[in-house]
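The lines below spell out each chain.
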Amino acid sequence: NLSFLMGSRQIMSDVPAMMCGLVALWLFVNRKEEARPKELLLISTVCGLGFALRNLYAALLLPFLVMELRRSPRNLKKPLLMLLVPLLFFVATALYNQQTFGNWRRTGYHYWCSIPYDYLLLTFHPRFLLANLRSFASMEGLFLLGGGGVGLWRLLASKRQEVLPILVFAGLSALPITV
């Protein structure tokens, strides 16, 4: 199976990071109107752990930050509290990278990858978007898109109250991670 062979060569932090994403989705859907500091710290911890595993998972915080900023645009106390744990992970990782690899932006990927991942334009650039979108034209990509379409259809057909929060969360967090 080609997908398995390609996937088995990837760093296996994707699965635990995705688990953080599922927990974050559950927290978002089951969120009360007014979040207490303990809940905000839990959100910060779950999203921060996802970020610590895979940098792209910082996007898990986006739906929560947007929600808080929409509720009270002038009160930055809650959004800043949610940024606390990811910021601590960022500082700890940057210090480790500086000590181990000589630069806070180096991650160790340069030991096993031909592309130096510490140069953002070689990793994140709009020119890669087309190639990423082309990958959906493969049999595996079409299967995944079809499965996602069936899941979306089932979600919309259920007419449950959680549909809108799930779509908002997916749009603000999962799409940036996917692209």
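Our subject is the structure listed above.
Summarised in this report is the structure supplied together with it. Since the structure is predicted, the reported quantities are computational estimates derived from the model, not experimental observations.

### A closer look at the pattern of salt bridges
So, point 1. Scanning all chains against the criterion turns up 3 salt bridges.
So, point 2. For Arg-31, the salt bridge is made with Glu-68, and the minimal N-O distance between the two is 2.4 Å. Note that Arg-31 is positioned in the loop between α2 (14-29) and α3 (37-53) and Glu-68 in helix α4 (residues 62-71), a separation of 37 residues in sequence.
So, point 3. Judged by relative accessible area, Glu-68 falls into the buried class, the value being 3%.
So, point 4. With a closest N to O distance of 3.4 Å, Glu-68 and Arg-71 form a salt bridge. Residue Glu-68 and its partner Arg-71 are both found in helix α4; the two are separated by 3 residues, about one turn of the helix.
So, point 5. A relative accessible area of 31% means that Arg-71 is categorised as partly exposed.
So, point 6. Because the salt bridges share partners, they merge into one network encompassing Arg-31, Glu-68 and Arg-71.

### Looking at α2
So, point 1. For α2, built from 16 residues, the straight-helix expectation of 22 Å at 1.5 Å per residue is met to within 8% by its first-to-last C-alpha distance of 22 Å.
So, point 2. What α2 keeps buried is the set Ala-17, Cys-20, Gly-21, Ala-24, Leu-27 and Phe-28. The buried side chains of α2 occupy one side of the element, clustering within an arc of 120 degrees when seen end-on. Residues of α2 that are exposed and angled more than 90 degrees away from the buried face: Val-15 and Trp-26.

Quick notes on the rules
Residues take numbers from 1 onward in each chain, read along the sequence in its written order. Where local features are concerned, this predicted model is filtered to residues with pLDDT of at least 70; where side-chain atom pairs are given and counted, the filter is 80 or more; whole-chain, interface and lining totals use all residues. Side-chain metrics in this entry use all non-hydrogen atoms of the structure; hydrogen atoms and water are not considered. We define a salt bridge as a side-chain nitrogen of Lys or Arg found within 4 Å of a carboxyl oxygen belonging to Asp or Glu. Numbering of helices and strands runs from the N terminus, with a helix taken as a DSSP run of H or I at least four residues long and a strand as a DSSP run of E at least two residues long. A simple rule labels every residue: compare its accessible area, found with a 1.4 Å probe on the protein chains alone, to the largest value its type can have, and call it buried under 20%, exposed over 50%, or partly exposed in between. What a helix is expected to span follows from its residue count: subtract one and scale by 1.5 Å. Here, the arc refers to the directions that run from the helix axis to the C-beta atoms.

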